[in-house]
Amino acid sequence: MDAKAKISKQMDLPKGMIRLSAPIESDNIVNGDGLRAVLWTQGCPNGCVGCQNPETWDYEKGHLAGIKDVITELSYLNGQAGLTFCGGEPFVQPKACKEIADYVREHFGWNVWSFSGFTYEQIKEFGGEPWEFLKSLDALIDGPFILKQRDLSLKYRGSKNQRLLHLEYGTGKILSIE
Ligand code: SF4
């Protein structure tokens, strides 16, 4: 299955809900700059060989959470610099992710990062809700995990093909690449 077919497998979610694979995390220092809250999303169509979280692949597993309840829980966290979406694949539930991203930016002053097994270019070409979610980010770590290119010395990434893209909020323009 090519990337376009994979990203087309958008998750069917009840209104106002997001599907998560784990409890909300805080004070995380390995998934972005500074102390961060992390939302672990459920569901991933990418099937990377060597994936460390294969239990997050199934679209029916994990648990449904109300977006409002997620935001309330995030509001109780102190001292966080931002929020990172990890997967699973956040870009198969981009509308729910964007709603949370926009809220924490506006109300908590947090920056927002996301991981994706898709590349920036694949998300841009697909357009629609995935691209709208990307435009609400400050940084994207993109691309699938490729076991043959694994490099544990990379900041926030697992394999050499993955990039840390700093983005212009609102336009999705790439400002710099690490
Ligand atoms: S994109 Fe991430 S969660 Fe999905 S298969 Fe690849 S490494 Fe695993």
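The coordinates are above.
Calculation notes
Residues numbered from 1 in each chain as written. Predicted model: local features only at pLDDT ≥ 70, side-chain atom pairs only at ≥ 80, totals over all residues. Helix = DSSP H or I, 4+ residues; strand = E, 2+ residues; numbered from the N terminus. Contact = placed C-beta atoms within 7 Å. Buried ≥ 20, exposed ≤ 12 C-beta atoms within 10 Å, placed from the backbone. Axes fitted to C-alpha atoms, helices over the stretch in contact; angles between N-to-C directions. Left-handed = near helix turned anticlockwise from the far one by under 90°. Nonpolar A, V, L, I, M, F, W, Y, C, P; charged D, E, K, R; others polar. Expected span 1.5 Å × (residues − 1). Pairing = 2+ DSSP bridges.

Draft legend 1. Broad picture of the environment of Leu 74. Residue position: Leu 74 is located in helix 2 (residues 67-75). Taking the C-alpha atoms as reference points, Leu 74 and Lys 61, 13 residues apart in sequence, are found 22 Å from one another. Other than its neighbours up to four places away in sequence, Leu 74 contacts Ile 24, Ala 37, Leu 83 and Val 104.

Draft legend 2. Quick look at unusual backbone geometry. Residue Gly 88 is reached from Gly 87 by a cis peptide bond, and omega for that bond is -5 degrees. For Gly 88, the location among the structural elements is in the loop between strand 5 (82-86) and helix 3 (94-108). Positioned with a positive phi, Asp 27 is a non-glycine residue whose angle comes to about 60 degrees. Residue position: Asp 27 is located in strand 2 (residues 25-28). Backbone geometry at Tyr 156 places phi at a positive 65 degrees, although glycine is not the residue there. Mapped onto the fold, Tyr 156 is located in the loop between strand 7 (139-142) and strand 8 (163-167). Overall, the presence of 16 C-beta atoms within 10 Å leaves Tyr 156 in the partly exposed class.

Draft legend 3. Local environment of the packing of helix 2 against helix 3. Relative orientation of the contacting elements helix 2 and helix 3 amounts to 35 degrees, with a least axis distance of 10 Å. Between helix 2 and helix 3 lies a crossing whose hand is right-handed. For the pair helix 2 and helix 3, the contacting residues are Ile 67, Val 70, Ile 71 and Leu 74 in the first and Ala 96, Glu 99, Ile 100, Tyr 103 and Val 104 in the second. A per-class count over the contact of helix 2 with helix 3 returns eight nonpolar, no polar and one charged.

Draft legend 4. Broad picture of helix 3. Between its terminal C-alpha atoms helix 3 stretches 20 Å, which fits the 21 Å expected from 15 residues at 1.5 Å a residue. When we look at burial in helix 3, the residues that qualify are Pro 94, Ala 96, Cys 97, Lys 98, Ile 100, Ala 101 and Val 104. Where the residues of helix 3 are buried, they touch strand 1 (17-20), strand 3 (36-40), helix 2, strand 5, strand 6 (111-115) and helix 5 (128-135).

Draft legend 5. Expanded view of the pairing of strand 9 (residues 174-177). Two strands pair when backbone bridges link them, and strand 8 and strand 9 are joined in this way by three bridges, in the antiparallel orientation. Bridge pairing links Leu 167 to Ile 174 in strand 9.

Draft legend 6. Highlighting the sheet that holds strand 7. In space, the seven strands of this open sheet follow the order 2-3-5-6-7-8-9, with mixed pairing throughout. Looking along the sheet, the strands with just one partner apiece sit at the ends: strand 2 and strand 9. For this sheet, the mean angle separating the axes of adjacent strands, direction not counted, is 25 degrees.

Draft legend 7. Representation of the environment of Lys 9 in the model. Within the secondary structure, Lys 9 sits in the loop between helix 1 (3-7) and strand 1. Sequence-wise, Lys 9 and Gln 93 are 84 residues apart; in three dimensions their C-alpha atoms are separated by 9.7 Å. Ignoring any residue separated from it by four or fewer positions in sequence, one finds Lys 9 in contact with Pro 45 and Val 92.

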